[in-house]
Amino acid sequence: MAGSGVLTDEEMSRVRVNWDELILCNGAMLNAFLVRLRTSGSVVKAIGDILHTQIPLLVPHIRWCSCQLTACTLLQSKTTDPQYKEFEQKCSEDPRAAGLPLSSFLLKPMQRITKYPLLIQRILDYTPEGHMDYEELSGALDESLRLCHSVNEAVRSKENTEQLEWLQTNVQFSLDETLVFNSQTNFMGQRKLLHWGKLFKIRGNRDLVGFLFNDFFLLVKPKNFFSRAATPTELEPFGKNEFVMYRTPYLLGDTIVNKAPPDQYGPSVFLMNYPSEEKDIPLKADSDPARDVWIRVVQDAKHEYLKTKRRSEQEMKKKWAHTMKHTVGVLKVTVVKAEDLTASDPNGKSDPFCVLHFNQQEENTPVVSNSLNPKWNYTMQFNVHDLNKDVLEITVFDQDIFSPNDFLGCGRVVLKDLLQEGDSPWHKQVLLEDVSRGELELVIELTLNKSDLLL
């Protein structure tokens, strides 16, 4: 279709959206299942860990599903175009299309996402609670329900979706990561545009537009206006105007906003401050009421941001407390280094860190900036419950501040297999799965409780 000319480039982008990202994340899941199939012999005993790891990486479906109605409406309007109708008929006659129009294939990602909770629940119904896969399947079910909720929320908020897609197309930005506006945030759920408005930066006499999201505050300036002030029309977003990011966005958790002293700055001015900056940024709104609205919405958004972050941290502490019961020992894991990781950032590097899961416990290594061969030498401890069933899972991510972290691969170490190799400590080289390259070096040491030394 892209080469046929039946749709313009702009129409193609509205139909295609982020199809390439869907191929990548679903391909990674498929590859994980194929690896498990090849290494499991005649019976696959567990898939919960794969689902638990891979479903959170399906977040590109949120953007796709939220744009689906717009794409289908566009294609429906094209059915009156003889050239398009003839082209689609020719495509649907290809055996690979099974006689279906393009709009049917656009529905597939939504149908897939909504089926995961049903399928996982069905597997859980036939899985005893004491089975090695039960907890992983339960976690996968929670993740699939959370993903479905985010998809439904994004589809319902059509105006928010359209505004985020406009920002993606019309705002140029330069960051060390790829910022996708219409996406899942790191812990605030689906990104939402809460407020926007025209602002004037007093220092530098610059016309700006501010956008407040549920996780950060963004200032942009009109594109190609350097020698004169922009007119009100040229500052209007959600039309044909284009903008450029003025500065790195402010994360809400660290942002401070206050009313500026009128005798120093004049009327309708508020001050934005970020800990890494020495000076406040004075921003002038259209009026005193508009200034007061900015102060209120930023403070409210920051309060919700910090509250959600604390709740997320408390839930993690509860999981940790649960794992303290019925332990037979402690597993000490040192993540030494990684080699030959995938480049995820525009500069050809990544900002890698590892997330380790063991018996519902989670620990992270620090982030190493701009490296494909990071060295951590970072040690963590986990409580051991069952020497025959416990599994250490390691996932490597590229840290992104304003978008979900990028997946760089994963690996697993089965405790039972380690015990069969000999005495602790164990030095392990773990090839990363679900990616084309990458390897981890670990040192693992097991210390049993005195009462369990006879096992």
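Being a predicted model, the structure only gives us computed values, none of them experimental.

Cut-offs applied
Residues numbered from 1 in each chain as written. Predicted model: local features only at pLDDT ≥ 70, side-chain atom pairs only at ≥ 80, totals over all residues. Heavy atoms only, no water. Helix = DSSP H or I, 4+ residues; strand = E, 2+ residues; numbered from the N terminus. Contact = heavy atoms within 4.5 Å. Areas by Shrake-Rupley, 256 points an atom, 1.4 Å probe, with all protein chains shown as cover. Lys, Arg positive; Asp, Glu negative; His and termini not counted. Charge placed at Lys NZ, Arg CZ, Asp CG, Glu CD. Salt bridge = Lys/Arg side-chain N within 4 Å of Asp/Glu carboxyl O. Buried < 20%, exposed > 50% of the residue type's maximum accessible area, 1.4 Å probe, protein only. Arc of directions from axis to C-beta. Polar contact = N/O pair within 3.5 Å; in protein donor to acceptor, adjacent residues only side chain to side chain. Pairing = 2+ DSSP bridges. Axes fitted to C-alpha atoms, helices over the stretch in contact; angles between N-to-C directions.

### Some remarks on the overall build of the protein
- Of regular secondary structure, the protein possesses 12 helices and 17 strands.
- Its C-alpha atoms put the protein at 80 × 65 × 40 Å along the principal axes.
- By sequence separation, contacts in the protein at least 24 residues apart represent 64% of the contacts at least 6 residues apart.
- Total accessible area on the protein stands at roughly 23900 Å², and carbon and sulfur atoms take up 52% of it.
- Treating the 52 positive side-chain charges of the protein as one cloud and the 62 negative ones as another, the clouds have centres 3 Å apart.

### Quick look at the pattern of salt bridges
- Evaluated as defined, the whole model comprises 19 salt bridges.
- One salt bridge connects Asp20 with Arg16, and the closest N-O pair in it is separated by 2.8 Å.
- Assessed through its relative accessible area of 43%, Asp20 is described here as partly exposed.
- A salt bridge links Glu304 to Lys307; the shortest N-O distance between them is 3.3 Å. Placement of both Glu304 and Lys307 in helix H11 (residues 288-323) is noted, with a separation of 3 residues, approximately one turn of the helix.
- Owing to a relative accessible area of 33%, Glu304 belongs among the partly exposed residues under this scheme.
- Classification of Lys307 by relative accessible area gives partly exposed; the value is 34%.
- In the salt-bridge network here, residues are joined through shared partners; they are Arg36, Asp49 and Arg412.

### What about helix H5 (residues 82-92)?
- Taken as a whole, H5 has its buried residues at Tyr84, Phe87, Glu88 and Ser92. Taken down its axis, H5 places every buried residue within 130 degrees of arc, on the same side. In H5, those exposed residues whose orientation departs by more than 90 degrees from the buried face are Pro82, Glu86 and Lys90.
- Buried positions along H5 lie against helix H4 (60-78) and helix H6 (102-106).
- In this structure Asp81 caps H5, since a side-chain oxygen of it lies 3.0 Å from the backbone nitrogen of Gln83.

### Comments concerning the environment of Gln168
- Of note, Gln168 is situated in helix H9 (residues 158-170).
- Counting along the chain gives 12 residues from Gln168 to Val180, while the straight-line C-alpha distance between them is 6.7 Å.
- Filtering out sequence-adjacent residues up to four positions away, Gln168 remains in contact with Arg63, Phe173, Leu179, Val180, Phe181 and Asn182.
- Separated by 3.1 Å, the side chain of Gln168 and the backbone oxygen of Leu179 make a polar contact.

### As for the sheet that holds strand E17 (residues 439-448)
- Across the sheet, which stays open at both edges, the 4 strands sit in the order E13-E10-E17-E16 with antiparallel pairing between neighbours. Among the strands making up the open sheet, the edge pair consists of strand E13 (375-384) and strand E16 (426-431). Pairs of neighbouring strands in the sheet enclose a mean axial angle of 25 degrees, with direction left out of account.
- Looking at chain direction, E16 and E17 are connected through 6 bridges and run antiparallel. In the strand pairing of E17, Trp426 is matched with Ile444.

### Here's the deal with the sheet that holds strand E12 (residues 361-364)
- Strand order in the open sheet formed by 4 strands is E12-E11-E14-E15, with antiparallel pairing between adjacent strands. On the outer flanks of this sheet lie E12 and strand E15 (406-414), each paired with one strand and no other. Adjacent strand axes in the sheet meet at a mean angle of 20 degrees when their direction is disregarded.

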